[in-house]
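Here is how the chains run, residue by residue.
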Amino acid sequence: MIRVTERIALHDWEIVEEFARASGPGGQNVQKVETAVRLRFDVGASPSLTDDVKARLARTAGRRLTKEGVLLIEAQRYRTQERNRADALERLVTLIRTAAEPPPPPRKKTRPTLASKLRRLAGKKQRGDVKALRGKPAGDL
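As the structure is a computational prediction, the values presented were derived from the model and not from experiment. (Residues numbered from 1 in each chain as written. Predicted model: local features only at pLDDT ≥ 70, side-chain atom pairs only at ≥ 80, totals over all residues. Heavy atoms only, no water.)

## Notes on the confidence of the model for the protein
Argument step 1. Here the protein averages 81 in pLDDT, and 89% of its residues register 70 or above.
Argument step 2. Mean pLDDT across the elements of the protein bottoms out in helix H1 (residues 28-32) (66) and peaks in helix H4 (residues 114-132) (96). (pLDDT = per-residue confidence, 0-100. Helix = DSSP H or I, 4+ residues; strand = E, 2+ residues; numbered from the N terminus.)

If you want it as structure tokens, here you go:
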């Protein structure tokens, strides 16, 4: 069990990991060791997530989500397989935590106060006066 939040815990069988050879620097190590991790998580089939969390996760995941509803996370930042596995799992947990947060309450429309309007107009007047001083003097023609 992987604990995501107090109410959400993922079963180990919900996460599928595949390993591949990583790209980038690493010398001979890169050609012979499969350190890159491709993590797959089927969002739609997960019994651990509620429908609201699944919908928000689909929006948050963006193009990491396939048409079938499988979330793909690739990790090849580190040179060891174990650190890449931990990195991919941490990224998955972070995505699910973000999706599990309730949406912010809608913004209430407010109107500016009279004092804030007057301060704004006073600032505009002062700025206009400064710019007017940059021109040629009125008496010289």
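## Looking at the nonpolar core
Argument step 1. Formed by 21 residues in total, the largest nonpolar core has its most connected members in Phe41, Leu57, Leu71, Leu92 and Ile96.
Argument step 2. Every element with two or more residues in this core is listed here: strand S4 (36-42), helix H2 (51-61), strand S5 (70-75) and helix H3 (81-100).
Argument step 3. Here this core gets 6 residues from one element, more than from any other, and that element is H3.
Argument step 4. Contact partners of phenylalanine 41, with chain neighbours within four places excluded, come to Leu10, Glu14, Ile15, Ser46, Leu49, Leu57, Gly69, Val70, Leu71, Leu92 and Ile96. (Core = buried A, V, L, I, M, F, W, Y, C linked by side-chain atoms within 4.5 Å. Buried < 20%, exposed > 50% of the residue type's maximum accessible area, 1.4 Å probe, protein only. Contact = heavy atoms within 4.5 Å.)

## Topic: H3
Argument step 1. The end-to-end C-alpha distance of H3, which contains 20 residues, comes to 29 Å, matching closely the 28 Å that a straight helix rising 1.5 Å per residue would cover.
Argument step 2. Those residues of H3 that fall on the buried side of the exposure criterion are Asn84, Asp87, Ala88, Leu92, Val93, Leu95, Ile96 and Ala99. (Expected span 1.5 Å × (residues − 1).)

## Brief notes about a nonpolar patch on the surface
Argument step 1. Among the surface-exposed residues, Leu114, Leu118 and Leu121 lie close enough to one another that they form a single nonpolar patch of about 320 Å² accessible area.
Argument step 2. You can see leucine 121 is positioned in helix H4.
Argument step 3. Taking the relative accessible area as the measure of exposure, leucine 121 reaches 47% and is therefore partly exposed. (Patch = residues over 30% accessible without salt bridge, like charges linked within 9 Å, V, L, I, M, F, W, Y side chains within 5 Å. Areas by Shrake-Rupley, 256 points an atom, 1.4 Å probe, with all protein chains shown as cover. Salt bridge = Lys/Arg side-chain N within 4 Å of Asp/Glu carboxyl O.)

## A look at the side chain of asparagine 84
Argument step 1. Position of asparagine 84 relative to the elements: it lies in helix H3.
Argument step 2. When sequence neighbours within four positions are dropped, the list of residues in contact with asparagine 84 reads Thr35, Ala36, Val37, Ala75, Gln76, Arg77 and Tyr78.

## Thoughts on the environment of threonine 98
Argument step 1. The residue threonine 98 is located in helix H3 in this model.
Argument step 2. Residues threonine 98 and valine 53, 45 residues apart in the sequence, show an inter-C-alpha distance of 9.2 Å.

## Some points on the side chain of aspartate 87
Argument step 1. Residue placement: aspartate 87 occurs in helix H3.
Argument step 2. Overall, the relative accessible area of 10% leaves aspartate 87 in the buried class.
Argument step 3. What aspartate 87 contacts, discounting residues up to four positions off in sequence, is Ala75, Arg77 and Tyr78.

## Thoughts on the environment of isoleucine 8
Argument step 1. Inspection of the secondary structure assignment puts isoleucine 8 in the loop between strand S1 (2-3) and strand S2 (9-10).
Argument step 2. Residues isoleucine 8 and serine 48, spaced 40 residues apart in sequence, show a C-alpha to C-alpha distance of 6.2 Å.

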